Amino acid sequence: TDTVAGADVFVDLLEVARAEKGDLLIPAAEGRFDFADVRAELGQVVDGTAGWSRTPGVRTVFCSSGSAVEAVGAAIGAYRAVVASGSVADFDFAAR
């Protein structure tokens, strides 16, 4: 509860988090967290529509329910890194 209270909280899918994420349900039941305060879903962070930037001194918490959104986010990050390197042949995944 202390970790979530006052933190910038992100979830992969808000609907799933409301239904089954004990990490958030318990603090919500204790009155220390409100689902309305979730900053964004992971998809919004990945596509740049979250409208959020890190605030020094504020904890950032990501509560995952194990959706495929995470895999897509990782794939997008890997794709962007390869494109930025200029060549798939020259890209060293092990160095990342």
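Residues numbered from 1 in each chain as written. Predicted model: local features only at pLDDT ≥ 70, side-chain atom pairs only at ≥ 80, totals over all residues. Heavy atoms only, no water.

## A few points about the pairing of strand β3 (residues 60–63)
Worth spelling out the cut-off: Throughout this description, buried means an accessible area under 20% of the type-specific maximum (1.4 Å probe, protein chains only), exposed means over 50%, and partly exposed covers the range between. In DSSP terms, a helix is any run of H or I states spanning at least four residues, a strand is any run of E spanning at least two, and both are numbered starting from the N terminus. When DSSP finds two or more bridges between a pair of strands, those strands are recorded as paired.
Across the two faces of β3 the burial differs, with Val61 and Cys63 buried and Thr60 and Phe62 not buried at all. By the bridge criterion, 4 bridges tie strand β1 (residues 8–11) to β3 in an arrangement that is parallel. Paired with Phe10 across the bridge in β3 is Phe62.

## Regarding the pairing of β1
Side chains Asp8 and Phe10 of β1 all project onto a buried face; the interleaved residues Val9 and Val11 project onto the opposite face, where all are buried too. Where β1 meets strand β2 (residues 40–41), 2 bridges bridge the pair, whose relative direction is parallel. Considered in β2, the bridge of Phe10 is made with Ala40.

## A look at the pattern of salt bridges
Quick note on the threshold: In the sections that follow, a salt bridge refers to a side-chain nitrogen of Lys or Arg positioned within 4 Å of a carboxyl oxygen of Asp or Glu.
On inspection of all chains with the given rule, the structure shows 3 salt bridges. Where Asp8 meets Arg39, a salt bridge forms, and the shortest distance between an N and an O atom there is 2.8 Å. Taken together, the residues Asp8 in strand β1 and Arg39 in the loop between α2 (22–29) and β2 connect sequence positions 31 residues apart. Judged by its relative accessible area of 3%, Asp8 is buried. Under the relative-accessibility criterion, Arg39 is labelled partly exposed at 47%.

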